[in-house]
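What the coordinates show
The chain contents come next:
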2 protein chains.
Amino acid sequence: MVNWNDKFAARTAYMRRSTIREILKLTQRPEVISFAGGLPAPELFPLERIREAMRVALDNRGAEALQYSTTEGCNDLRDWLAARLSRNGLRVTRENILIVSGAQQAIDLVGRVLLNDGDHLVLENPTYLGMLVAWRPYNLRFSVIPTDADGLVVDRLETVLRQNPKLLYLVPNFQNPQGVTLSYERRLQLVKLLHEYDAVVVEDNPYGELRYSGEPIPSLLELDARHRGSTALDGHVIYAGTFSKILAPGLRLGWVAAPAAVIDKLVQAKQSADLQSSTLSQILAYEVCRDGFIDGHIERIRRVYRERRDVMLAALERHFPAEARWSKPDGGLFLMVSLPEHLDSTELLKEALNHQVAYVPGTDFHIEGGNNTFRLNFSNAQPDNIEEGIRRLGVLLKTVLVHQPA
Amino acid sequence: MVNWNDKFAARTAYMRRSTIREILKLTQRPEVISFAGGLPAPELFPLERIREAMRVALDNRGAEALQYSTTEGCNDLRDWLAARLSRNGLRVTRENILIVSGAQQAIDLVGRVLLNDGDHLVLENPTYLGMLVAWRPYNLRFSVIPTDADGLVVDRLETVLRQNPKLLYLVPNFQNPQGVTLSYERRLQLVKLLHEYDAVVVEDNPYGELRYSGEPIPSLLELDARHRGSTALDGHVIYAGTFSKILAPGLRLGWVAAPAAVIDKLVQAKQSADLQSSTLSQILAYEVCRDGFIDGHIERIRRVYRERRDVMLAALERHFPAEARWSKPDGGLFLMVSLPEHLDSTELLKEALNHQVAYVPGTDFHIEGGNNTFRLNFSNAQPDNIEEGIRRLGVLLKTVLVHQPA
């Protein structure tokens, strides 16, 4: 008998199944109203357009759509993305783009090419769980910067940058899990600091296109170029995007936009990881997006998610106890609730499931604290279900607060 | 300015673009007859069937085909693979199967969960380049076992197994680059040794279905179960397979079959790497394969590749100088040529390209030696081109041998 525990690499000691994905399995009972996932609404997938694009892809490209392609990605799609990212004075070229298998792979590959064991990472608290899991094997040292309603408190950054950290990781738009957005003023301040300290930031932007209120804010990628007085993508930002939230996650397609020297290393890491992303998915995504369809489609997603966000915010006002606080996101898929500090949202989840409603406890997103928080997804539930699910949670929370007052 | 070379992780010092993939770019000029790639013949992709399967997938599954799914893979496809692998007394279940993004990802994930820095790996010489590249960051110590016409010389293994290596890596069927196959007797001998020393082998089997002559030989996975007197997949073998060579590589779909404890760790590694493989590709592959279509399709591939292999072997006899030797594979995509030892196939490649013909030099596949060897692919060229390409190479080699006799 092989004793596999003797064989596994030391780094697998850290490995445990992601809490979110395990909860997702438990919450698939139809009677549970789940705000736990991060799933886009499947009823919005543009099935007809995808069917047609697939027909075009197979008719016009034939076997090419099924053959090996380059690790960098299909040039049509890279060019389309480069043009789309060329905004606010930034000019992106094909050499700045790598197609990856979803933004999660962007994070994984960035880790492979930039992180050494024990490196110093600066992050917001709370932060994206999937990054924490992917980068856990590197035994990173964390500098944790708090956030408020305007995102990362950049005033707290300079002291940390003096220590020459390897990398900053941020989700500046409608962050997962809080839904908060880094303000324009703080972005300018941040970019100035990046230049002053020659620091590098990973700008993870899966939700940027999904804005429901307020004005769009230029990306760090764009502001970095502007700060340099340049149009070239050759600065301090490594940018990750994805088709998962604007088209369909089942295609597993995302992209990295970065200085060509970084793309070059990422290409080599990707070659080892999986050779390339699906040729068929890439050609399909290009055929779906090419003639402006995607902008109309994103507008349609925005309308539906905006309503769901508004329904959730109104239901929270109506049903939640006065002791609860929550973020009010201008976009994205999530908001976050804070309970009085003596309550533990992981403990409460068991009772919530008894009430046929689910969320994700905030603990795993936090480097420090957060046991009293939980994340709610509003993109993947019908308004009626949002109202009813929040009502159930409200009843539970009020009961708990009667029995366990602060 | 960011000095990226200061930022890159130490492990990227090893990174260089794969020679094969770089050469592939150079050989895409239409006038070059290239035996360099490892591409399946695109004219054999079952376009009509794929078109129909895509229609069924989108009609019957709808949004499910485009949504997130589980990291493990779609159950229909896992069950189909489990049934297919249940042969020769072995019974594979869904829990033994992980769907991955091509066999390259299988290699990458196995490295992540099993390899520590400096671990001891046993491999055949020459071996698969993509494995060497993927596992280079682990600074492995190699024990290199020679091969002959019957594959790995297993007699040379026992001394090495006494040192308790972490892992063996083998391509037992129609190996890349040589095309040789590990004989039945040696497989029995190998499995016995695995049990004696509690050793673990990665059986990488991308070409196993593509046999053109001789009798099929049970896999190490099957023989390992038989040796244990068990039907369960719970032994010493981690098996990797792929749809790339029997269906289409552009789907990026492969699988790992392994003890459930290993699959469990691999699932967690895959979650960090890319969450899951494309839902659409998985459902498509299942719809293509489900009712026995794939067996007829594989038979069709076999017929075409068998002819190409035969044409290449005949052309080699006809055109190559007496000083050259080459392997005579019973299947797969490749054979390997050995020149007199004083010739360097990397140097010769430049002249070959001047003669409008390309191959892959053997050096990178070898841990030791091999500078006088090169790999020829016969699956992705028409018989006429095989004849003409081998003729061109033969002319070159004869000229070189006149000017540089041994």
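Rules of the game
- Residues numbered from 1 in each chain as written.
- Chains lettered and ligands numbered in written order.
- Predicted model: local features only at pLDDT ≥ 70, side-chain atom pairs only at ≥ 80, totals over all residues.
- Heavy atoms only, no water.
- Helix = DSSP H or I, 4+ residues; strand = E, 2+ residues; numbered from the N terminus.
- Rg over C-alpha atoms; globule rule 2.2 N^0.38 Å.
- Contact = heavy atoms within 4.5 Å.
- Areas by Shrake-Rupley, 256 points an atom, 1.4 Å probe, with all protein chains shown as cover.
- Axes fitted to C-alpha atoms, helices over the stretch in contact; angles between N-to-C directions.
- Parallel < 35°, antiparallel > 145°, perpendicular 65-115°, else oblique.
- Left-handed = near helix turned anticlockwise from the far one by under 90°.
- Buried area = accessible area lost by both parts, 1.4 Å probe.
- Salt bridge = Lys/Arg side-chain N within 4 Å of Asp/Glu carboxyl O.
- Polar contact = N/O pair within 3.5 Å; in protein donor to acceptor, adjacent residues only side chain to side chain.
- Domains from an automatic or database assignment.
- Disulfide = S-S within 2.5 Å.
- Least-squares fit on C-alpha atoms with pLDDT ≥ 70 in both.
- Expected span 1.5 Å × (residues − 1).
- Nonpolar A, V, L, I, M, F, W, Y, C, P; charged D, E, K, R; others polar.
- Core = buried A, V, L, I, M, F, W, Y, C linked by side-chain atoms within 4.5 Å.
- Buried < 20%, exposed > 50% of the residue type's maximum accessible area, 1.4 Å probe, protein only.
- 1 Å grid on protein atoms, 1.4 Å probe; cavity = no way out; pocket = protein on both sides within 12 Å on 5 of 7 lines; lining within 4 Å.
- Points joined across faces, edges and corners; volume = space filled by probe spheres on them.
- Phe/Tyr/Trp six-rings, centres within 6.5 Å; stacked < 30°, edge-to-face > 60°.
- Lys NZ or Arg CZ within 6 Å of the ring centre and 35° of its normal.

Bringing the overall build of chain A into the picture now. In terms of regular secondary structure, chain A is built from 14 helices and 14 strands. Over its C-alpha trace chain A gives a radius of gyration of 22 Å, about what one expects of a compact globule, namely 22 Å for 406 residues. Counting only C-alpha atoms and orienting by the principal axes, one finds that chain A spans roughly 60 × 60 × 55 Å. At a minimum sequence separation of 6, the contacts of chain A that also span at least 24 residues come to 75%. Just so you have it, chain A exposes about 14400 Å², and 48% of that area is on carbon and sulfur atoms.

Right, let's talk about the packing of helix α12 (residues 293–319) of chain A against helix α14 (residues 383–403) of chain A for a bit. Residue and element names in this part refer to chain A. Running from N to C, α12 and α14 cross one another at 25°; their axes reach a closest spacing of 9 Å. Taken as axis vectors, α12 and α14 run roughly parallel relative to one another. Classified by chirality, the crossing of α14 by α12 is right-handed. Of the residues in α14, those in contact with E307, R308, V311, M312, A315, L316, R318 and H319 of α12 are P383, I386, E387, I390, R391, G394 and K398.

Taken together, the 84 residues of chain B in the interface contact 84 residues of chain A. Summed over both partners, the interface of chain B with chain A comes to about 7500 Å²; 56% of that surface belongs to carbon and sulfur atoms. Scanning the region where chain B abuts chain A turns up four salt bridges. Ionic pairing is found between B:D59 and A:R51, a salt bridge with its closest N-O pair at 2.9 Å. Across the contact surface, chain B and chain A share 36 residue pairs in polar contact (both at pLDDT 80 or more).

This next bit is on unusual backbone geometry. Residue A:P177 is bonded to the preceding A:N176 through a cis peptide linkage, with omega at 20°. Of the consecutive residues B:N125 and B:P126, the connecting peptide bond is found in the cis state with omega at 0°. You can see B:P126 is positioned in the loop between β3 (120–125) and α6 (129–135). Residues other than glycine seldom take positive phi values, yet A:F174 does so here, at roughly 50°. Phi angles above zero are rare outside glycine, and B:N88 is one such case at about 50°.

Residue and element names in this part refer to chain A. Here the domain parsing of chain A yields domain 1 (4–46 + 295–401) and domain 2 (48–293). Look at where the C-alpha atoms of domain 1 and domain 2 centre, and you get two points 24 Å apart. Across the domain 1/domain 2 interface, buried area totals approximately 3200 Å², and carbon plus sulfur atoms make up 60% of it. One can count one salt bridge joining domain 1 with domain 2. Between R84 and D295 there is a salt bridge whose closest N-O contact spans 2.9 Å. Counting every contact that joins domain 1 to domain 2 gives 21 residue pairs in polar contact (both at pLDDT 80 or more). Where the side of domain 1 that touches domain 2 is concerned, the elements lending two or more residues are α12 and β11 (334–338). Sorting elements by how many residues they give to the side of domain 1 that touches domain 2 places α12 first, with nine residues.

Once that is clear, we can look at the state of the cysteines. Under the definition given, this model contains zero disulfides over all chains. As a non-bridged cysteine, B:C289 has B:C74 as the owner of its nearest cysteine sulfur, 13 Å distant.

This part covers the relation of the copies chain B and chain A. Relative to chain A, chain B is turned by 180° and slid 0.0 Å along the rotation axis, the superposed coordinates differing by an RMSD of 0.0 Å. One copy is carried onto the other by what is essentially a two-fold rotation axis. When you check the interface residues of chain B against chain A, 100% turn up at the interface there too, and the contact is symmetric in its surfaces.

Residue and element names in this part refer to chain A. When the terminal C-alpha atoms of helix α8 (residues 184–197) are compared, their 20 Å separation across 14 residues agrees well with the 20 Å that a helix rising 1.5 Å per residue should span. Packing partners of the buried residues in α8 comprise β4 (141–148), β5 (151–152), α7 (158–161), β6 (167–170), β7 (201–204) and α9 (220–228). Following α8 by one or two positions, D198 adopts a phi angle in the positive range, close to 50°.

For the rest of this paragraph, the subject is the packing of helix α10 (residues 260–274) of chain A against helix α5 (residues 103–114) of chain B. Axis angle and axis distance: for two packed helices, these are the angle between their axes and the distance between the axes, and together they describe the pair. At a minimum axis separation of 5 Å, α10(A) and α5(B) run at an interaxial angle of 95°. When the axis of α10(A) is compared with that of α5(B), the two are roughly perpendicular. Across the interface between the two elements, A:Q271, A:S272, A:A273 and A:D274 from α10(A) touch B:Q104, B:Q105 and B:D108 from α5(B). The residue makeup of the contact of α10(A) with α5(B), split by class, is one nonpolar, four polar and two charged.

Another aspect to go through is the nonpolar core. Counting 286 residues, the largest nonpolar core has A:W135, A:F243, A:L376, B:W135, B:F243 and B:L376 as its most contacted members. A:L376 has contacts with A:F35, A:M312, A:L316, A:L333, A:F334, A:L335, A:V337, A:Y359, A:I390 and A:L393, leaving out every residue within four places of it along the chain.

A separate point is the side chain of B:N205. Residue and element names in this part refer to chain B. Its location among the elements puts N205 in the loop between β7 (201–204) and α9 (220–228). A distance of 3.0 Å separates a polar atom in the side chain of N205 from a polar atom in the side chain of N173. The residues contacting N205, other than those within four sequence positions of it, are N173, Y239, A240 and G241.

Moving on, we get to empty space enclosed by the protein. In the structure shown here, the tally under the stated rule is seven cavities of 30 Å³ or more. The calculated volume of the second largest cavity comes to roughly 80 Å³. As for the second largest cavity, its lining consists of 13 residues, of which A:S101, A:R252, B:S101, B:R252 and B:S278 are closest to the centre. The class makeup of the residues in the lining of the second largest cavity is three nonpolar, seven polar and three charged.

A few words now on α5(B). Residues and elements named next belong to chain B. Taking 1.5 Å per residue as the helical rise, α5 with its 12 residues ought to reach 16 Å, and the 16 Å between its terminal C-alpha atoms agrees with that figure. In terms of burial, α5 is largely enclosed, as 12 of its 12 residues are buried. Three or more residues of α5 are buried, namely A103, Q104, Q105, A106, I107, D108, L109, V110, G111, R112, V113 and L114.

Below, the discussion takes up the packing of aromatic side chains. The full count for this structure, using the stated rule, is 17 aromatic pairs over all chains. Every member of this aromatic cluster is reached through a ring pair, and the members are B:F320, B:W326, B:Y359 and B:F374. The ring of B:F8 carries A:K265 above its face, with NZ or CZ at 5.4 Å from the centroid.

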